[in-house]
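Each chain, letter by letter, is given below.
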Amino acid sequence: MKKILSKARQSVYKLVDMTNKNIPNFKGLTIDDQGENNEILIDDECVFNRSKIVIAGNNNKVTLGATLSYNQLVINLKGNKKRISIGNSNKHINNLKLVSIRGNHQIITIGRNLSCGGMEVQMNDGNESLTIGKDCLFSWGIKARTSDGHSIIDIDSDTPINFPQDISIGDHVWISEDVRLMKGAIIPSDCVIGAGAIVTKKFDETNSVIAGVPAKVVKRNIKWDHRQPSKYKPQ
Ligand SMILES: CC(C)(COP(=O)(O)OP(=O)(O)OC[C@H]1O[C@@H](n2cnc3c(N)ncnc32)[C@H](O)[C@@H]1OP(=O)(O)O)[C@@H](O)C(=O)NCCC(=O)NCCS
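This is a predicted model, so every value here is computed, not measured.

About the criteria used
Positions within a chain are numbered from 1, following the residues in the order the chain's sequence is written. Local features are withheld for residues below a pLDDT of 70 in this predicted model, meaning they are given only at 70 or higher, and side-chain atom pairs are given and counted only at 80 or more; totals for whole chains, interfaces and linings count all residues. Put simply, DSSP marks the helices as runs of H or I at least four residues long and the strands as runs of E at least two long, and each gets a number from the N terminus on. Working definition of burial: number of other C-beta atoms within 10 Å of the residue's own, with buried at 20 or more, exposed at 12 or fewer, and partly exposed in between, all C-beta atoms being placed from the backbone. We call two residues in contact when their backbone-placed C-beta atoms lie within 7 Å. One confidence number per residue, pLDDT, is output by the predictor and ranges from 0 to 100. The term nonpolar core refers to a set of buried Ala, Val, Leu, Ile, Met, Phe, Trp, Tyr and Cys residues connected through C-beta atoms within 7 Å. The criterion for a residue being near a molecule or strand is a backbone-placed C-beta atom within 6 Å of that molecule or strand. Gly falls in the polar group here, along with every residue not listed as nonpolar (Ala, Val, Leu, Ile, Met, Phe, Trp, Tyr, Cys, Pro) or charged (Asp, Glu, Lys, Arg). Pairing between two strands requires that DSSP report at least two bridges joining them.

1. What to know about the overall build of the protein chain
1) Next: On a plain count of helices and strands, the protein chain comes out with zero helices and 28 strands.
2) Next: In the protein chain, buried positions account for 34% of the 235 residues.
3) Next: When contacts within the protein chain are restricted to residue pairs at least 6 apart in sequence, long-range pairs at least 24 apart make up 24% of them.

In structure tokens, the structure reads:
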């Protein structure tokens, strides 16, 4: 694990000199650190293609585990004390975009062995978290947001009703193409989310297929496997 402790104004970097905003040891990754005391920990085994980390703020921490490759990884942080952590993966992580440009203290935790075709996370309020368990399979065109960005207000009480909420995805969850995860979504372990679903609720049944708009449980008592149906061998 390489540790890059950056203090942009003083240009003090540990282990790797980032003053030219390029990390020689990590071809394919650029870092633009405009803050102070931001910490970026990158596993030696990481492989990057057209990836970038932009941080405008202080005391943030980004930890990237080793993967087969990060392709077009984008991490864009504004604000302070945010935590991003991606576990080691024996798969490719493609087109993962993590954006948190408002608020402070947000946390994104991604477990080990994520396989990802494309996901964009927007986390723009404060104190929210997004947690993804281990061994998940994400298709393309997935979007997750922990807040709505603008207020919906109850007229009688004149108070906002759409506060941000955490999103939580269990272990070994398969998310199909073009799924949207809204604030407060909870997906239990071993579930499959159908293509185009909009997940707005907290689900609690493991081993189910959840699909539709808004998403509902459409099948129970299932498990899923990376292999195609024709290649699957019963255990
Ligand atoms: C979720 C999915 C895997 C489920 O497949 P399945 O188990 O064969 O499901 P079925 O076709 O038997 O559908 C079960 C029910 O859910 C409904 N359903 C299935 N997928 C749905 C979807 N994406 N949106 C809304 N409803 C859906 C079906 O209409 C059916 O409803 P019914 O019981 O009222 O008739 C599949 O429908 C899907 O979305 N595939 C896309 C996978 C993908 O994106 N792959 C890319 C590579 S990662």
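2. So, the confidence of the model for the protein chain
Should the pLDDT be low somewhere, the predicted coordinates at that spot are not to be read in detail.
1) Next: For the protein chain, the mean per-residue pLDDT works out to 90, and 89% of the residues sit at or above 70.
2) Next: Of all secondary-structure elements in the protein chain, the lowest mean pLDDT belongs to strand 2 (residues 12-13), at 29, while strand 25 (residues 192-193) reaches the highest, 99.
3) Next: Every residue in residues 6-24 is under pLDDT 50, and counting partners more than four places away or in other chains gives 37 contacts.

3. Considering the nonpolar core
1) Next: In terms of nonpolar packing, the biggest core is built from 49 residues, with Ile-187, Ile-193, Val-199 and Ile-210 touching the most fellow members.
2) Next: Among all residues touching Ile-193, those that are not within four sequence positions of it are Ile-175, Ser-176, Val-179, Ile-187, Val-199, Ile-210, Ala-211 and Ala-215.

4. As for the site of the ligand
1) Next: Around the ligand, a shell composed of Ser-139, Ser-176, Glu-177, Val-192, Gly-194, Ala-195, Gly-196, Val-209, Ala-211, Gly-212, Val-218 and Lys-219 is seen.
2) Next: Secondary-structure elements contributing two or more residues to the shell around the ligand are strand 27 (209-211) and strand 28 (216-219).
3) Next: Across the shell around the ligand, the residue classes break down as five nonpolar, five polar and two charged.

5. Re unusual backbone geometry
1) Next: With an omega dihedral of -10°, the bond running from Val-213 to Pro-214 counts as a cis peptide bond.
2) Next: Positionally, Pro-214 belongs in the loop between strand 27 and strand 28.
3) Next: Phi is positive for Asn-37, which is not a glycine, with a value near 55°.
4) Next: Along the polypeptide, Asn-37 turns up in the loop between strand 3 (29-33) and strand 4 (38-42).
5) Next: Among the residues examined, Asn-37 registers 15 C-beta atoms within 10 Å and is labelled partly exposed.

6. What to know about the sheet that holds strand 15 (residues 119-122)
1) Next: With parallel pairing, eight strands are arranged side by side in an open sheet as 3-6-9-12-15-18-23-26. Looking at strand neighbours, the two that pair on one side only are strand 3 and strand 26 (198-199), the edges of this open sheet.
2) Next: Direction of pairing for strand 6 (residues 51-56) relative to strand 9 (residues 74-78): parallel, over a ladder of five bridges. Directly across from Ala-56, in strand 9, lies its bridge partner Lys-78.

7. What to know about the environment of Glu-120
1) Next: In this structure, Glu-120 sits in strand 15.
2) Next: The sequence separation of Glu-120 and Arg-180 amounts to 60 residues, and the corresponding C-alpha distance is 9.7 Å.
3) Next: Once residues lying within four places of it in the same chain are set aside, the contact partners of Glu-120 are Lys-97 and Lys-143.

8. Examining the environment of Thr-63
1) Next: When you line up the elements, Thr-63 lands in strand 7 (residues 61-64).
2) Next: Between the C-alpha atom of Thr-63 and that of Asp-43, which follows or precedes it by 20 residues, the distance is 8.2 Å.
3) Next: Excluding anything up to four places from it in sequence, Thr-63 contacts Leu-41 and Ser-85.

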